[in-house]
Amino acid sequence: MSADRNPEIVTLLSPSGEASARVLVSQGCNLFELVVRHGGHPVHLLWHEEDFETGTRRASSSGTPILFPFPGRVRGTSMTFGGRTYPLEEGDGRGNAIHGFVHTRPWRVITSSQSHLTAEFHAAIDGPEILSQGRWTGDFLLRATIEVADDGAAITLHVENTGGEPLPCGWGLHPYFRVPLGQGDSDLCTVRLPVTSKWEMVDMVATGRTVIDDAADRLREGVRFADATYDQGFGGLVREDGGEYVATIADPESNAKLDVVFGKPYREIVIYNPSHRQAVCIEPYTCVCDPFRLEQEGVDAGLIVLQPGESVASRMRIVLSSLRD
């Protein structure tokens, strides 16, 4: 998004008005602020850079970037599918494409109410150069619905193939959760992920092989934030009794617990600690990064291929509650 474009921000309130959120629609429909009351005090659950709402900061640096049509890195600057090669932009400083291209572009508001926002990115309308420059296989529609409740928020993504050819894709959410969950000591917080295996990665790109070691075991049991230094993907997710996956940040000093709740088609998690150490990213992905190459190599990487007219949806909830009664 260029610096001379006026940012479009939608403010949402929960039905009771106890929780609030702000969404930067004009840069990726990014839920960049979420404030929930806990213990009589407002708690800011999402971290964002100063002045992020101006639309002049790096789109993937703050809030909740939406990553589509691929999350994470794709090795190099091209994607091959169906015998054709599609050019991609370098974006990680290492010569790789990263995080797709909808998180940097303006979206359109479709409906909005006090606690609810639906916005769309339709390639033919909102990014026609994607099609005219042959940067993807065909047209697609991505719809995001953001709902604010008293205890958090939910993001539902609807992906539809609106073109005439098969649409290969994967997606993810990249929320920056503030640590601590209040005014306590971040080092005492713990992070827990429902994972059993780790991606093998070379030069920050997944090889398609998984590693069974104690890194996944430690995260499944809970790692102190003081000991958490990650930029790593994990798989082998384990469902809770309700059939969903739950990742948790627990803050014993503020007696607060933040649950990140999601289900299929999400099947992987990336955890990332920014160098500023004010947040931890818990990122549900539908696929291993670079699924296009891996699937060609015979790896089940989670690549989703939608036929013309087909669609699929995903949902992630952010829920703040008390750690102890």
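Quick note: structure is the one above.
(A) Fine view of the overall build of the chain. When helices and strands are counted, the chain shows four helices and 27 strands. Against the globule reference of 20 Å for 325 residues, the chain gives a C-alpha radius of gyration of 19 Å, in line with a compact fold. Its C-alpha atoms give the chain principal-axis dimensions of about 55 × 45 × 35 Å. For the chain, with 325 residues in total, the buried portion stands at 54%. Considering only contacts within the chain whose residues lie at least 6 apart along the sequence, 65% involve residues at least 24 apart.

(B) Up close: the sheet that holds strand β4 (residues 41-44). If you trace the four strands from one edge of the open sheet to the other, you get β1-β2-β3-β4, paired in antiparallel fashion. The outermost strands of the open sheet, each flanked by one partner alone, are β1 (9-13) and β4. Shown here is a sheet whose adjacent strand axes are inclined to one another by a mean of 20 degrees, direction ignored. Direction of pairing for strand β3 (residues 30-38) relative to β4: antiparallel, over a ladder of four bridges. By the bridge assignment, V36 is partnered in β4 with V43.

(C) The arrangement of the environment of H116 in detail. Within the secondary structure, H116 sits in strand β11 (residues 116-122). The partly exposed category is assigned to H116, whose relative accessible area is 24%. Expressed as a C-alpha distance, the spacing of H116 and V10, which sit 106 residues apart in the sequence, is 9.9 Å. Residues within four places of H116 in sequence aside, it is in contact with L12, T111, T145, I146 and E147.

(D) Here's a closer look at the layout of surface pockets. By volume, the largest pocket is sized at about 630 Å³. Forming the boundary of the largest pocket are 33 residues, of which S60, G91, D92, I98 and H99 lie nearest the centre. If you list the elements that add at least two residues to the lining of the largest pocket, you get β9 (97-98), β18 (197-202), β21 (231-235), β24 (268-272) and β25 (279-285). Among the elements that take part in the lining of the largest pocket, β21 stands out by supplying three residues, more than any other. Residues belonging to the lining of the largest pocket are distributed by class as follows: 14 nonpolar, ten polar and nine charged.

(E) Fine view of helix α3 (residues 214-221). Inspection of α3 places A215, A216 and L219 among the buried residues, and these make up the whole buried set. Viewed along the axis of α3, the buried residues span an arc of 95 degrees, placing them on a single side of the element. Two residues or fewer after α3 comes G222, characterised by a positive phi angle close to 115 degrees.

(F) Local environment of the pairing of strand β7 (residues 78-81). Inspection of the sheet shows β7 paired to strand β8 (residues 84-87) by four bridges, in the antiparallel sense. By the bridge assignment for β8, S78 is matched with P87. Where β7 folds back onto β8 in an antiparallel hairpin, the turn is made up of two residues, including G82, whose phi is positive at roughly 60 degrees.

(G) How the structure looks around the pairing of strand β23 (residues 256-262). Burial runs high along β23: six of the seven residues are buried. Where strand β22 (residues 245-251) lies against β23, seven bridges are found, and the strand directions are antiparallel. Within the sheet, the bridge partner assigned to V246 lies in β23 and is V261. Hairpin connection of β22 to β23: four residues between the antiparallel strands, including N255 at a positive phi of 55 degrees. Strand direction decides the pairing type here: β23 and strand β27 (residues 311-322), joined by seven bridges, are antiparallel. Bridge assignment links D259 to a residue of β27, and that residue is V319.

(H) Up close: the state of the cysteines. Per the counting criterion, the structure on display carries zero disulfides. In this structure C287 is not part of a disulfide, and its nearest cysteine sulfur, from C289, lies 8.0 Å away. By relative accessible area, which is 0% here, C287 ends up buried.

(I) Geometry of the pattern of salt bridges. Applying the stated rule across the entire model yields 21 salt bridges. Here R315 makes a salt bridge to E147, at a shortest N to O gap of 3.0 Å. Of this pair, R315 sits in strand β27 while E147 sits in strand β12 (residues 140-149), and the two are 168 residues apart along the sequence. Judged by its relative accessible area of 37%, R315 is partly exposed. Between D217 and R220 there is a salt bridge; the shortest N-O distance is 2.9 Å. Linking D217 with R220, this pair stays in helix α3, spanning three residues, or about one helical turn. A network of salt bridges, in which partner residues are shared, links R108, E120, D126 and R143.

Rules used throughout
Residues numbered from 1 in each chain as written. Predicted model: local features only at pLDDT ≥ 70, side-chain atom pairs only at ≥ 80, totals over all residues. Heavy atoms only, no water. Helix = DSSP H or I, 4+ residues; strand = E, 2+ residues; numbered from the N terminus. Rg over C-alpha atoms; globule rule 2.2 N^0.38 Å. Buried < 20%, exposed > 50% of the residue type's maximum accessible area, 1.4 Å probe, protein only. Contact = heavy atoms within 4.5 Å. Pairing = 2+ DSSP bridges. Axes fitted to C-alpha atoms, helices over the stretch in contact; angles between N-to-C directions. 1 Å grid on protein atoms, 1.4 Å probe; cavity = no way out; pocket = protein on both sides within 12 Å on 5 of 7 lines; lining within 4 Å. Points joined across faces, edges and corners; volume = space filled by probe spheres on them. Nonpolar A, V, L, I, M, F, W, Y, C, P; charged D, E, K, R; others polar. Arc of directions from axis to C-beta. Disulfide = S-S within 2.5 Å. Salt bridge = Lys/Arg side-chain N within 4 Å of Asp/Glu carboxyl O.

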